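Residue-level structural notes
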Amino acid sequence: MLHGLRDVVRRQDVILLMLFFVMVVAFTAVNPRFFSVRAMANVLQDFSPVVLMAIGQTFVIASRGIDLSVGSVLGLSGVSMALAIRAANSVGMDPWVAIALGMSAAIGVGVVVGLINGLLITYFRLVPFVATLATMGAAAGMSLVLTGGTQIAGAPKEVILLGNATYFGALTVPVVVVFLAIFVSWAFLSRARFGRWTYAIGSNPFAARGAGISVERHLVKIYLISGVLSALAGAFVYFRLGSGSPLSGRGGELSAIAAAVIGGMSLQGGSGKLTGVVVGALITTAVLSGLILIGVQPNWQQIVVAALIAVAVWAQGLSLGGSRS
Amino acid sequence: MTSTALYEVRGVGKRYGGVVALDGVNFSLHAGEVVGLVGDNGAGKSTLVKVLSGAHEPDSGEIYLQGERRSWKSPHDAMEAGVETLYQDSGIAPDLTVSANVFLGREILRKGVLGRLGFLDEKAMRKQAQSELERVGIAVPASNRPVARLSGGQRQAVAIGRAVAWANKVIILDEPTNHLGARQAGEVLEVIREAKSKGFGVIFISHTLPHVLEVTDRIVVLRLGRVVADAPSSTYTPDTLLKAINGLSQQ
């Protein structure tokens, strides 16, 4: 019994979950409004885009890569969707058809950027940091070009409804889709060959290649997944706000990477679990909304997230050093 | 050796830019034979290993497996045909478990729809990994531990065990005793003898000449991309072998 309990406590995702509850209690103590259905619904809505980008980041980091373009992809897919829906609207298209069209535009952005990332890394042999830094800049620039730097509003009311109508108090359609995405990704990452190969490539790409795994093809698929999930995040932000801003998603890579490393993903690749990353994303978003509720200016957010990344990686180094000695 | 060679290359040439890495190399291996491949750095050993394992296609020359002309487009082709290679220091993914490593690239999938989606049958793989490793004389504790937690010798044993378990004809071992202590290296050599007695052809590449002399039947010496000697191991002493490698005497 005691032994089993110790095994549970030793799991990093369980420790993180306890940390999350401690945080909830602490924030609630300072501002009781933090622990309300409304505030929790807010946390869940903020959590959705972050966790989607973080799931993509989990695949990528497990394969010893990094995807800096996730935030820009979120922004670009959001504005592409907004533009497509506005155009469809102006010719009097049925709103649901318009939404489907916009959704395809958003996902298309994710596919294209993910494919470019994958090809830059495998075919042109750029290191992931450089490849995704380039697409991060290019996608952010493209958002500005497409919108002229302004917000694209004018979404039909169906969009707002889809993004904000809540069921059972806190669940919106995007939140439900996010939970589905988490479950499917978890299954493929931890129980299927796709995940096994992902970790193998991150752990030792030479061994993976030697075992007959087509490493390049697998990496392209991984960056595609990251692109598509970030695009889905962009679509959900648009559903929530009813407008596409070229500035949304800015700094999103910071939150996604924070969630991943807090959740225990090793930047050396090969290890870390999605369950930890999901809790990492919860912690990242709860910290941010918690800080606002206790009266910290939103401008401090990026600094806090950056500090979280540094602390998480430092703590990983400590625990590695500890287990080695 | 009048019988058909198990694995053979004839007249293999390979250049990288202006550098001639291999020049008219002939190499053969028989079933139940352990052949040592030695040579100085830059002699062409690793290039020949890449040709034999299917990692690189030669510019010229022919490859025969059991007398049949073959050409490898990738290591996967060679593996499917029964030629397994353990590359130097790269055979293992340290974060994966023992059984995941043994089955890497050849995972057993579950039955039915889940299997078609790529879901793994971990239980079957754990069980078979254990028995496969035991079959080649390797005792590894609990195959559900990450390989990183094992000792250097055990890690190498898993890598070799994997190669031996999957090969059905030829095993190529590139520096398998590197970085190992005497006792662990001895265990590795024992696994090689075991593989030989089961009728595999084994190609053993090493800088550690005493290991080469101890375990091989025949030694092929490469120098500047050419085969300069090909003779039974019993004709060498450590001293004459070293001289052959350094080009100080012709065999």
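Described below are features of the structure shown in this document. Keep in mind the model is a prediction, meaning the values are calculated, not measured. (Residues numbered from 1 in each chain as written. Chains lettered and ligands numbered in written order. Predicted model: local features only at pLDDT ≥ 70, side-chain atom pairs only at ≥ 80, totals over all residues.)

What follows covers the interface of chain B and chain A. Every contact between the two is made by 21 residues of chain B and, on the other side, 18 residues of chain A. Of the residues forming the side of chain B that touches chain A, the biggest block, 3 residues, is contributed by helix H2 (residues 75-80) of chain B. Within the side of chain B that touches chain A, the residues separate by chemical class into 13 nonpolar, 6 polar and 2 charged. (Contact = placed C-beta atoms within 7 Å. Helix = DSSP H or I, 4+ residues; strand = E, 2+ residues; numbered from the N terminus. Nonpolar A, V, L, I, M, F, W, Y, C, P; charged D, E, K, R; others polar.)

Residues and elements named next belong to chain B. Of the strand pairs in this sheet, strand E3 (residues 34-39) and strand E9 (residues 218-223) are connected by 5 bridges, and their pairing is parallel. Following the sheet pairing, Gly 36 is matched in E9 by Ile 219. For E9 and strand E10 (residues 226-232), the ladder comprises 6 bridges, and the chain directions are antiparallel. Bridged to Arg 223 within E10 is Arg 226. Two successive antiparallel strands, E9 and E10, enclose a turn made up of 2 residues, where Leu 224 displays a positive phi of approximately 50 degrees. (Pairing = 2+ DSSP bridges.)

One finds A:Val51, A:Ala54, A:Ala200, A:Ala259, B:Ile171, B:Ile203 and B:Phe204 to be the most contacted residues of the largest nonpolar core, which totals 163 residues. Top contributing element to this core by residue count: helix H11 (residues 215-241) of chain A, with 15 residues. What B:Ile171 contacts, discounting residues up to four positions off in sequence, is B:Glu84, B:Ala163, B:Val164, B:Ala195, B:Phe200 and B:Val202. (Core = buried A, V, L, I, M, F, W, Y, C linked by C-beta atoms within 7 Å. Buried ≥ 20, exposed ≤ 12 C-beta atoms within 10 Å, placed from the backbone.)

All right, on to the sheet that holds E3(B) then. Residues and elements named next belong to chain B. Taken together, the 6 strands give an open sheet; going across it, the order is E6-E7-E8-E3-E9-E10, and neighbouring strands pair in mixed fashion. The sheet terminates laterally at strand E6 (83-86) and E10, the two strands that pair on one side only. Within the sheet, the average angular offset between the axes of one strand and its neighbour, ignoring direction, is 15 degrees. When strand E7 (residues 170-174) meets strand E8 (residues 201-205), the two strands line up parallel, connected through 5 bridges. Residue pairing for E8: Ile 172 is matched across the bridge by Ile 203. Running at roughly 175 degrees to E6, helix H6 (residues 152-166) makes contact with E6 and E7 of the sheet. In the packing of helix H7 (residues 182-197) onto the sheet, contacts are made with E3, E7 and E8, and the angle to E8 comes to roughly 150 degrees. (Axes fitted to C-alpha atoms, helices over the stretch in contact; angles between N-to-C directions.)

Bear in mind that shape data such as this cannot, by itself, settle questions of function.
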